[in-house]
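Spelled out, the chains give:
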There are 2 protein chains.
Amino acid sequence: MELSSLQKARYQYNPKLPGMLRNGIAEICVKEGLETQSVADQEKIKALFPNTYGKKEITFEKGANTSTPKKQVVGVILSGGQAPGGHNVVCGLYDALKATNKENVLYGFKKGPSGLLDDDYLIFDDEYINQFRNTGGFDIIGSGRTKLETKEQFAVAAEVCKKHGITAIVIIGGDDSNTNAAVLAEYFAANNTGVQVIGCPKTIDGDLKNEDIEISFGFDTATKTYSELIGNIERDANSAKKYWHFVKVMGRSASHVALECALETQPNICLVSEEVAAKKMSLSEIADYIADSVEARSNNGMNFGVAIIPEGVVEFVPEFSVLIHEINELLAGAKAEAFNALPTWADKYAFIEKGLTPESMAVFAILPQGIQQQLFLERDPHGNVQVSLIESEKLFSEMVKNKLAERKAAGTYKGKFSALHHFFGYEGRCAFPSNFDSDYCYSLGYNAFMLIQYGYTGYLSKVSNLSAPAAQWVAGGMPITKMMNIERRHGEDKPVIRKALVELEGNPFKYFAAHREQWAVETCYTYPGAIQYYGPTEVCDITTKTLALEQAK
Amino acid sequence: MELSSLQKARYQYNPKLPGMLRNGIAEICVKEGLETQSVADQEKIKALFPNTYGKKEITFEKGANTSTPKKQVVGVILSGGQAPGGHNVVCGLYDALKATNKENVLYGFKKGPSGLLDDDYLIFDDEYINQFRNTGGFDIIGSGRTKLETKEQFAVAAEVCKKHGITAIVIIGGDDSNTNAAVLAEYFAANNTGVQVIGCPKTIDGDLKNEDIEISFGFDTATKTYSELIGNIERDANSAKKYWHFVKVMGRSASHVALECALETQPNICLVSEEVAAKKMSLSEIADYIADSVEARSNNGMNFGVAIIPEGVVEFVPEFSVLIHEINELLAGAKAEAFNALPTWADKYAFIEKGLTPESMAVFAILPQGIQQQLFLERDPHGNVQVSLIESEKLFSEMVKNKLAERKAAGTYKGKFSALHHFFGYEGRCAFPSNFDSDYCYSLGYNAFMLIQYGYTGYLSKVSNLSAPAAQWVAGGMPITKMMNIERRHGEDKPVIRKALVELEGNPFKYFAAHREQWAVETCYTYPGAIQYYGPTEVCDITTKTLALEQAK
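Novice: Mind showing me how you'd approach the overall build of chain A here?
Specialist: Check the secondary structure of chain A and you find 22 helices and 15 strands. Compactness check: chain A gives a C-alpha radius of gyration of 25 Å against a globular reference of 24 Å for 553 residues, within 12% of the reference. The principal-axis extent of the C-alpha atoms belonging to chain A is close to 80 × 60 × 50 Å. Across the 553 residues that make up chain A, the buried fraction comes to 61%.

Structure representation (structure tokens):
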């Protein structure tokens, strides 16, 4: 296998642990804090988790290790989309496990949670794991999207654990996976399997965040990778001075990625889905908002710019959601056949015009034809519109173009407008983890093992005080039930970890809102450049602007 | 202005000069070599360049500076598309100029060659130029695509130079711009203006390359940026194991970028336009070639992969060029109106079927409908098909999908195929220059001033032996006429610098060809990661695989 020189160099990197974990396994003791309550719906959550609810928050400290010596056989699972640093969680877990007892064993279940159900695994050794230290990707064992949520699955999982003598499972995943980790922990406890379950907070989307999770791992590296590219494009825009670049970034349900990239690069425009929803903005209003910047810049001789569009933004536009709902109704079941039989787009358009409410038809009518056709022609196997396929960066650039044509006709705009489009997502999910993510993930894994060794279950591996240097980080654990509330999902009340959307009253958004008017008109671009792993600490070891603003005193 | 921490750190970087230029201006002397001949068409080129043809190659050496003390007023121009390192050419030029004589002046003509014609300029000082050291972009003075090629333009340029007392012009550009630099130098010499002209070789495309230009600046940084992203996507593909990624990279007329990225990342597939042309490959053959890899990998349980597609590849497919030509004929002039008046796509299709030759119709028929419609519906103001708008990454993934459907029906293929698409171009043109490009560009600029100071004109700033450490680089100059031949352009014989295509007999392609069968079937991905500016020299200071293979003994 051919290795890049960076990959070889990264093997030599020693991830930084929180200070309290640096004195060796024998010198890590536990300090228990107060008993916890879920953030809402306490009675309901308590009833659902009789064996794991209300446990104490715990912190590790320097002190004599009082855990019971016992051979540990741990299984680890990567769940869901890739995030930089996943390999280091596994490495930290492995190193703590082996440092505690050479006889301890780490199983890796392959291709996500299904590996546990299918009993598809590998057993880690030094030679294998050393190839993955400080590297990106989830290829160490693969990942998958199977959800571990039914009693039947839990029973199979219990059997597999029993077969291998597994004492604990570590699930590395997002909000759903950690919710499921808590449910599995409760099942294992209720059934006296003796198997513990620990979760680790992963997602590049940044929406797994609360008072106990300062940042999910991968968010730092992914946003730095996107910001590198957006900064490069800004510099290109500012050099060529002839294009508006519409840059879509990953993030279906929250705009943390877009906002962090905007804080890093200071583009002319950044849409924030949560604000669009809160202000009930229409597509036309959004297009006008962008067109205002294009016009103002053009008046200053700058026929170029950069706009960041969060992937999921159209789903937050109320009138658009209504339109989608109506289209789904209009084509439900057999009605789709009648529609498909219409020979021309003009016939189809007439059918649509008759079928939609006047309000939705008004929304539909202003969409570019390409998007109109996509909404009707590309549907999923259930006949539903595939909202995720909508190229919102092209939708908005086309609508802005139309707005500008109107303004030109009205004589208020005289500039030139040429748009280019980009989508950044897959580029960032498997980058070599930044030093921050390398350190944070290794610490999460190391810490996860300490929670296992001290007998905890249903806990999330928690590392905090993350805007300080690693030496000052605080390592510990928090019952996952503490982060839960009851939400309606697919017609059922479910205990879930609350998804963190961008808070419009939070410091990151407020900082953005205070500056964006200037950014929209002037050229205030900042060029972050590529992630650096070596060199000055202010270049290599600083995490996100979002976290810095959130933790600003 | 807000600066990123990397930008601040990069200001501190001292670009490395060739060893022979490191002893200070007073210790640089000239060694003249042999008189030169153009690479072809010597008599014709000589006749066109009576004043600048046949001059000697020169090399700089350590030794007493014998140039005539004279106040120099130099104008610099950035021409064409951005390439990382352009700012450093200007910085090197400025530093040598000021080190020679504090009274020397550097003008920057704005927005490309038109700045010289419009007398639109700035005068550099330390404070201004220091903001741009070791940064990407051309925003220091802007760039533009105006060509300096007519006598009328030259006369205006001479006037502007006279007005400011300009003694020399440095043109930083690609093959066309350097050709024009030579023509301008000849004009200035023939008219006894006393103004010298020096060229510097820029282009991320890598096609400005010959025995005197080992590499054009920007190619190193741009391909490293694309390779970072392709490597990240490979790692994502190998983790998720469910997508084929089709990655288009910049490069209209040559595939150097695609080939270098392939050497860096070892993808499953990389098309090389020059090979497609040489083998007269059809679209169907190319699609089958890719589908073979998809099928073979699928048989090994790997329903994922990465294919690199050079931006201009379809223009190298002979049958496709014929088709485009026929479409342009079919819609020429008034015929387009009749076509546009046809109400439905079915009517239009019938019209097309009647108008194309059977051979071209066969090619047209296998194209995905989206591409078919694009060819007919999106034409430029002259009615011509806009080949550059064709999304070749989507064209090939769609054709591969169709091939696989046929194979599935025939029972030879049983896998799953889901494709994702990417285009990388603008992301790399303005990245912070790699250490190599920082050093190389600074040296080109420094060296350009030494050529001016020693009275040369019509020369290209030449720095060679570039696969060795900078201390061993060789600095000098080469008459641009030496690189010229006569080519037919727009119906006229023109003296031009020959464009360098990928040589199918060259080491880089041969290395690729020797390995690609293995790469197509196995997973041999290499993950280069982000460009590093600090850290181990083998990570930070190595230039391209292409150059290493070309200069391999």
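Novice: Can you help me understand the packing of helix 8 (residues 219–240) of chain A against helix 9 (residues 256–265) of chain A in this one?
Specialist: Geometry of a packed helix pair, given as the angle between the helix axes and the separation of the axes. All names here are of chain A. In the contact formed by helix 8 and helix 9, the axes pass within 9 Å of each other and the chain directions differ by 50°. Between helix 8 and helix 9, the interaxial angle falls into the category oblique. The two elements helix 8 and helix 9 meet at a crossing, and its hand is right-handed. Residues Phe219, Thr223, Tyr226, Ser227, Ile230, Gly231 and Glu234 of helix 8 form the contact with helix 9, whose participating residues are His256, Val257, Glu260, Cys261, Glu264 and Thr265. Counted by class, the contact of helix 8 with helix 9 contains 5 nonpolar, 5 polar and 3 charged residues.

Novice: Sorry, what's going on with the relation of the copies chain A and chain B here?
Specialist: The operation linking the two copies of the chain is a rotation about an axis combined with a translation along the axis. Take chain A, turn it by 180°, move it 0.1 Å along the axis, and it overlays chain B with an RMSD of 0.1 Å. In symmetry terms, the pair is related by a two-fold rotation axis. Comparing contact sets, 100% of the residues at the interface of chain A also lie at the interface in chain B, consistent with an isologous, same-surface contact.

Novice: Help me understand the interface of chain A and chain B in this model?
Specialist: Size of an interface: often given as the accessible area lost when the parts come together. The interface is formed by 59 residues belonging to chain A together with 59 residues belonging to chain B. Contact between chain A and chain B buries roughly 4,500 Å² in total, counting both sides, with carbon and sulfur atoms accounting for 53%. Looking at the side of chain A facing chain B, the largest losses of area belong to Arg235, Tyr426 and Glu427 of chain A, adding up to 15% of the total buried there. The interface formed by chain A and chain B contains 5 salt bridges. In this structure, the salt-bridge partner of Asp236 of chain B is Arg429 of chain A, at a minimum N-O distance of 2.8 Å. At the boundary of chain A and chain B, one finds 24 residue pairs in polar contact (both at pLDDT 80 or more). Of all the elements in the fold, those that place two or more residues in the side of chain A that touches chain B are helix 1 (5–11), helix 8, strand 11 (419–424), helix 18 (426–429) and helix 21 (537–540) of chain A.

Novice: Got a minute to help me understand the pattern of salt bridges in this structure?
Specialist: For side chains of opposite charge, pairing can occur when their charged atoms come near one another. Residue and element names in this part refer to chain A. Throughout the structure, instances matching the rule amount to 59 salt bridges over all chains. Taking the shortest distance from any N to any O, the salt bridge between Glu211 and Lys482 comes out at 2.8 Å. On the criterion of sequence distance, the pair formed by Glu211 in the loop between strand 7 (196–201) and helix 8 and Lys482 in the loop between strand 13 (474–479) and strand 14 (484–489) is long-range, its members being 271 residues apart. In this structure Lys482 comes out as buried when scored by relative accessible area, which is 13%. Each member of the salt-bridge network shares a partner with another, and the members are Glu57, Glu211, Asp212, Lys462 and Lys482.

Novice: Would you mind going over the nonpolar core with me for this structure?
Specialist: Nonpolar side chains in soluble globular proteins generally cluster together in the buried interior. In terms of nonpolar packing, the biggest core is built from 192 residues, with Phe60, Phe124 and Val170 of chain A together with Phe60, Phe124 and Val170 of chain B touching the most fellow members. Those residues in contact with Phe60 of chain B that sit more than four places away from it in its chain are Met20, Leu21, Ile28, Cys29, Val30, Asn447, Met450, Leu451, Tyr454, Ala475 and Gly476 of chain B.

Novice: For this particular structure, what's the right way to read the side chain of Arg235 of chain B?
Specialist: Here Arg235 of chain B lies in helix 8 (residues 219–240). Contact partners of Arg235 of chain B, with chain neighbours within four places excluded, come to Gln7, His87, Phe132, Thr135, Gly136, Gly137, Asp139 and Cys430 of chain A together with Tyr527 of chain B.

Novice: Even after reading the chapter, I still don't get the packing of aromatic side chains, so can you show me in this structure?
Specialist: Two numbers describe a pair of aromatic rings. These are the distance of the centres and the angle of the planes. This structure, assessed with the given rule, holds 46 aromatic pairs over all chains. Aromatic side chains Tyr426 of chain A and Tyr243 of chain B sit 6.1 Å apart centroid to centroid with 70° between the ring planes, which places their arrangement in the edge-to-face category. Here Tyr426 of chain A is found in helix 18, whereas its partner Tyr243 of chain B is found in the loop between helix 8 and strand 8 (244–249) on a different chain. Among the aromatic side chains, those forming a connected cluster through ring pairs are Phe339, Trp345, Tyr349, Phe351, Phe364 and Phe376 of chain A. Over the aromatic face of Tyr534 of chain A sits the side chain of Arg10 of chain A, whose NZ or CZ is 5.7 Å from the ring centroid. The side chain of Lys348 of chain A reaches across the aromatic face of Phe339 of chain A, ending 5.6 Å from its centre.

Novice: Any chance you could explain unusual backbone geometry here in plain terms?
Specialist: In terms of backbone geometry, most residues other than glycine have negative phi values and most peptide bonds are trans. Backbone geometry at Lys280 of chain A places phi at a positive 50°, although glycine is not the residue there. Note on placement: Lys280 of chain A falls in the loop between helix 10 (273–278) and helix 11 (283–299). The backbone phi angle of Asn134 of chain B is positive, close to 60°, even though this residue is not glycine. Note that Asn134 of chain B resides in the loop between helix 5 (126–130) and helix 6 (151–164).

Novice: What am I meant to see in the pairing of strand 6 (residues 168–173) of chain B here?
Specialist: Side-chain positions along a regular strand alternate between the two faces of the sheet. Residues and elements named next belong to chain B. Here strand 6 lies mainly inside the structure; 6 of its 6 residues are buried. With burial as the criterion, each face of strand 6 is covered, one bearing Ala168, Val170 and Ile172 and the other bearing Ile169, Ile171 and Gly173. One ladder, built from 5 bridges, connects strand 3 (residues 73–78) with strand 6; its direction is parallel. Residue pairing for strand 6: Gly75 is matched across the bridge by Ile169. Taken together, strand 6, helix 7 (residues 175–190) and strand 7 (residues 196–201) constitute a β-α-β crossover, and its handedness is right-handed.

Novice: Please clarify how the environment of Lys408 of chain A should be interpreted in this entry.
Specialist: Residue and element names in this part refer to chain A. Along the polypeptide, Lys408 turns up in helix 17 (residues 392–410). A relative accessible area of 43% means that Lys408 is categorised as partly exposed. Lys408 sits 113 residues away from Glu295 along the chain, and the two C-alpha atoms are 9.9 Å apart. Once residues within four sequence positions are removed from consideration, Lys408 is found in contact with Tyr413, Lys414 and Gly415.

Novice: Explain helix 12 (residues 318–330) of chain B to me, please; I cannot follow it from the model alone.
Specialist: Residues separated by three or four positions in an α-helix point in the same direction, a consequence of the helix having 3.6 residues per turn. All names here are of chain B. For helix 12, which comprises 13 residues, the first-to-last C-alpha distance of 18 Å matches the rise-based estimate of 18 Å (1.5 Å per residue) to within 8%. Taken as a whole, helix 12 has its buried residues at Phe320, Leu323, Ile324, Glu326, Ile327, Asn328 and Leu330. Buried residues along helix 12 sit in contact with helix 11 (283–299), helix 13 (335–341), helix 14 (345–355), helix 15 (358–365) and helix 16 (369–377).

Novice: Help me out: how do you make sense of the sheet that holds strand 1 (residues 28–35) of chain B in this one?
Specialist: Neighbouring strands of a sheet are bound in pairs by backbone hydrogen bonds; such pairs are parallel or else antiparallel. All names here are of chain B. Read from one edge to the other, the open sheet built from 9 strands follows the order 1-2-13-12-7-6-3-4-5, with strand pairing classed as mixed. The open sheet terminates on both sides in strands that have one partner only, identified here as strand 1 and strand 5 (121–123). On average, each strand axis in the sheet is tilted by 25° relative to the strand beside it, whichever way the strands run.

Novice: Would you explain the packing of helix 3 (residues 86–100) of chain A against helix 19 (residues 435–453) of chain A in this entry?
Specialist: Residue and element names in this part refer to chain A. Following both chains from N to C, one finds helix 3 and helix 19 inclined at 40°, their axes separated by 7 Å at the closest point. Compared by their axis directions, helix 3 and helix 19 come out oblique. Considering the relative orientation of helix 3 and helix 19, their crossing is right-handed. Taking contact as the criterion, the partners of Asn88, Val89, Cys91, Gly92, Leu93, Asp95, Ala96, Leu97 and Thr100 in helix 3 are, on helix 19, Ser438, Cys441, Tyr442, Gly445, Tyr446, Ala448, Phe449, Ile452 and Gln453. Across the contact of helix 3 with helix 19, the residue classes break down as 11 nonpolar, 6 polar and 1 charged.

Novice: What should I look at first to understand the environment of Lys394 of chain B in this one?
Specialist: Within the secondary structure, Lys394 of chain B sits in helix 17 (residues 392–410). On the basis of relative accessibility, which here comes to 26%, the residue Lys394 of chain B falls in the partly exposed class. Taking the C-alpha atoms as reference points, Lys394 of chain B and Val247 of chain B, 147 residues apart in sequence, are found 9.5 Å from one another. For Lys394 of chain B, the contacting residues outside a window of four places in its chain are Glu391 and Lys394 of chain A together with His421 of chain B.

Novice: What is the right way to read the pairing of strand 4 (residues 105–109) of chain A from this model?
Specialist: All names here are of chain A. Within strand 4, 5 of the 5 residues are buried, leaving the element largely enclosed by the surrounding structure. Across the two faces of strand 4 the burial is the same, with Val105, Tyr107 and Phe109 and Leu106 and Gly108 all buried. Here strand 3 (residues 73–78) pairs with strand 4 via 4 bridges, running parallel. Pairing of Val74 across the sheet is with Leu106, part of strand 4. After leaving strand 3, the chain enters helix 3 and then returns to the sheet as strand 4, a path that is right-handed. As paired elements, strand 4 and strand 5 (residues 121–123) share 3 bridges and run antiparallel to each other. Pairing of Gly108 across the sheet is with Leu122, part of strand 5.

Novice: I keep staring at the environment of Lys248 of chain B and nothing clicks. Help me out?
Specialist: All names here are of chain B. By the secondary structure assignment, Lys248 is in strand 8. When its relative accessible area of 7% is taken as the criterion, Lys248 is described as buried. Taking the C-alpha atoms as reference points, Lys248 and Lys394, 146 residues apart in sequence, are found 9.3 Å from one another. Every residue in contact with Lys248, bar those within four places of it in the chain, is listed here: Ile309, Pro310, Glu311, Ile390, Glu391, Ser392, Glu393, His422, Phe423 and Phe424. Within the structure, Lys248 has its side chain in polar contact with the side chain of Glu393 (distance 3.4 Å).

Novice: Explain the sheet that holds strand 2 (residues 56–62) of chain A to me, please; I cannot follow it from the model alone.
Specialist: Residue and element names in this part refer to chain A. The mixed open sheet is built from 9 strands, whose spatial order is 1-2-13-12-7-6-3-4-5. Each of the sheet's edge strands pairs with one partner strand only, and the pair in question is strand 1 (28–35) and strand 5. If you compare each strand with its neighbour and ignore which way they point, the axes differ by 25° on average. Contacts from helix 7 (residues 175–190) reach strand 6 (168–173), strand 7 and strand 12 (459–464) within the one sheet, and its direction differs from that of strand 7 by about 170°. Sitting on the sheet, helix 19 is in contact with strand 1, strand 2, strand 3, strand 6, strand 7, strand 12 and strand 13, with an inclination near 135° to strand 12.

Parameters at a glance
Residues numbered from 1 in each chain as written. Chains lettered and ligands numbered in written order. Predicted model: local features only at pLDDT ≥ 70, side-chain atom pairs only at ≥ 80, totals over all residues. Heavy atoms only, no water. Helix = DSSP H or I, 4+ residues; strand = E, 2+ residues; numbered from the N terminus. Rg over C-alpha atoms; globule rule 2.2 N^0.38 Å. Buried < 20%, exposed > 50% of the residue type's maximum accessible area, 1.4 Å probe, protein only. Axes fitted to C-alpha atoms, helices over the stretch in contact; angles between N-to-C directions. Parallel < 35°, antiparallel > 145°, perpendicular 65-115°, else oblique. Left-handed = near helix turned anticlockwise from the far one by under 90°. Contact = heavy atoms within 4.5 Å. Nonpolar A, V, L, I, M, F, W, Y, C, P; charged D, E, K, R; others polar. Least-squares fit on C-alpha atoms with pLDDT ≥ 70 in both. Buried area = accessible area lost by both parts, 1.4 Å probe. Salt bridge = Lys/Arg side-chain N within 4 Å of Asp/Glu carboxyl O. Polar contact = N/O pair within 3.5 Å; in protein donor to acceptor, adjacent residues only side chain to side chain. Core = buried A, V, L, I, M, F, W, Y, C linked by side-chain atoms within 4.5 Å. Phe/Tyr/Trp six-rings, centres within 6.5 Å; stacked < 30°, edge-to-face > 60°. Lys NZ or Arg CZ within 6 Å of the ring centre and 35° of its normal. Pairing = 2+ DSSP bridges. Right-handed = clockwise from strand over helix to strand, strands pointing away. Expected span 1.5 Å × (residues − 1).

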